[in-house]
Amino acid sequence: MPNVELERLKLSSWRKLALGTWHSPGDPSVYGTLSIDATRLAQRQALWRKRDPSSKPPTITAIVARATALTMNRYPQLNGLIRWKRIYLRKNVTLFLQTAVDDEGKELSGVSIFEAEKKSLAEIAKELQLKAKAIREDKDPNFQQAKSMFSFVPVFLMRPLLELTSFLMYTLNLDLRRLGLPKDPFGSAMITSIGSIGLDEAFAPLISYSRIPVGLAVGAVRDTPVVREGKIEIAPVFKIGVTFDHRFIDGLYGAKMAKHFKHLLETEEGLDQIGFI
């Protein structure tokens, strides 16, 4: 399991003001929606099925995860955590993809993809599939240990315990793997596939104890009217609800990230970069 490698960021006057203004990652949340034209993506999925009917093409979740890793690697200012009112940037991208443990959604967990910027689309898709399968079959040792530990904690003690765990893990940078908590488990971004349960659009909250700076909620692909060269056409479109911590970036930097992110998912060149051949 890789250690958390951090580099202290030199703060601008505005960034110092932002850090001094807000106290909790829940306060500076900024919300936005990205509409992704999935026409080219769907064409590649269809070509994949035609070439190899026995295998499934990468899921939308895996493709978005790969695009997120590439975008955060190119624009690293959002890939950080706040410790003692200072911003520290991660040297690698870790993605946390939420996973339903049971069909009724009573139990939730997640899959951590470490050093995601170094992994291909195929590697991310395979790791996501295998780890999610292990969690659902109750064969993941970290999930088993953490679930066992929290099952004995009364509800009124849960928040103090989570805050203490976050303080030890992130503020003091202690290794808690003996307690079933991997190093930096939530990492750079949290991705939730709400489309898999039939939802089109939503926003995920920034969970304070996780210290994540950005959350993405990936909606279902729907046939949607779009305007192309002045004409209305029907195209497959899905929405991504984005929540990010305003203490890390402003709208200008966020717009640059969004433009690159859409380029990866909507263009032939971008899908080549993602590795969806």
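Refer to the preceding data block for the structure.
Note that this is a predicted model, so its numbers are computed, not measured. (Residues numbered from 1 in each chain as written. Predicted model: local features only at pLDDT ≥ 70, side-chain atom pairs only at ≥ 80, totals over all residues. Heavy atoms only, no water.)

### Observations concerning the nonpolar core
Consideration 1: By size, the foremost hydrophobic cluster in this structure holds 48 residues, and its most contacted members are Leu95, Phe238, Ile240 and Ile274.
Consideration 2: Here the element with the most residues in this core is helix α3 (residues 60-74); it accounts for nine residues.
Consideration 3: Ranked by size, the runner-up nonpolar core spans 10 residues in total, among them Phe96, Tyr170, Leu206 and Ile212. (Core = buried A, V, L, I, M, F, W, Y, C linked by side-chain atoms within 4.5 Å. Buried < 20%, exposed > 50% of the residue type's maximum accessible area, 1.4 Å probe, protein only. Helix = DSSP H or I, 4+ residues; strand = E, 2+ residues; numbered from the N terminus.)

### Describing the packing of aromatic side chains
Consideration 1: Taken as a whole and assessed by the stated rule, the structure comprises six aromatic pairs.
Consideration 2: Ring centres of Trp48 and Phe276 lie 6.0 Å apart, and the angle between their planes is 55°; this geometry places the pair in the tilted category. Linking Trp48 in helix α2 (residues 39-51) with Phe276 in the segment after α8 (268-274), this pair joins segments that are 228 residues apart in sequence.
Consideration 3: Linked through ring pairs, Phe96, Phe186 and Tyr209 together constitute an aromatic cluster.
Consideration 4: A cation over an aromatic ring shows up here: Arg83 above the ring of Tyr88, its NZ or CZ 5.3 Å from the ring centre. (Phe/Tyr/Trp six-rings, centres within 6.5 Å; stacked < 30°, edge-to-face > 60°. Lys NZ or Arg CZ within 6 Å of the ring centre and 35° of its normal.)

### Quick word on unusual backbone geometry
Consideration 1: With a phi angle near 55°, Trp84 is a residue other than glycine that sits in the positive phi range.
Consideration 2: As for its placement among the helices and strands, Trp84 is situated in the loop between β3 (80-83) and β4 (86-90).
Consideration 3: Residue Trp84 is classed as exposed on the basis of its relative accessible area, which comes to 54%.
Consideration 4: With a phi close to 55°, Glu229 is a non-glycine residue in the positive phi region.

### Some details on the sheet that holds β3
Neighbouring strands of a sheet are bound in pairs by backbone hydrogen bonds; such pairs are parallel or else antiparallel.
Consideration 1: Read from one edge of the open sheet, three strands run β1-β4-β3, paired in antiparallel fashion. The open sheet has two free edges, formed respectively by β1 (6-8) and β3, since each of these has just one partner strand. Sheet twist, expressed as the average angle between the axes of neighbouring strands with direction ignored, equals 35°.
Consideration 2: The pairing of β3 with β4 spans four bridges and is classified as antiparallel. What sits directly across from Arg83, in β4, is Arg86. (Pairing = 2+ DSSP bridges. Axes fitted to C-alpha atoms, helices over the stretch in contact; angles between N-to-C directions.)

### Some remarks on the packing of α3 against helix α7 (residues 251-266)
For any two helices packed against each other, one specifies the crossing angle of their axes together with the interaxial distance.
Consideration 1: At a closest axis distance of 9 Å, the pairing of α3 and α7 adopts a crossing angle of 140°. Here α7 runs oblique to α3, going by the angle between their axes. Where α3 crosses over α7, the handedness of that crossing is right-handed. Across from Ile63, Val64, Ala67, Thr68, Leu70, Thr71, Met72 and Arg74 in α3, the residues of α7 making contact are Met257, His260, Phe261, Leu264 and Leu265.
Consideration 2: Of the residues that constitute the contact of α3 with α7, the class distribution is nine nonpolar, three polar and one charged. (Parallel < 35°, antiparallel > 145°, perpendicular 65-115°, else oblique. Left-handed = near helix turned anticlockwise from the far one by under 90°. Contact = heavy atoms within 4.5 Å. Nonpolar A, V, L, I, M, F, W, Y, C, P; charged D, E, K, R; others polar.)

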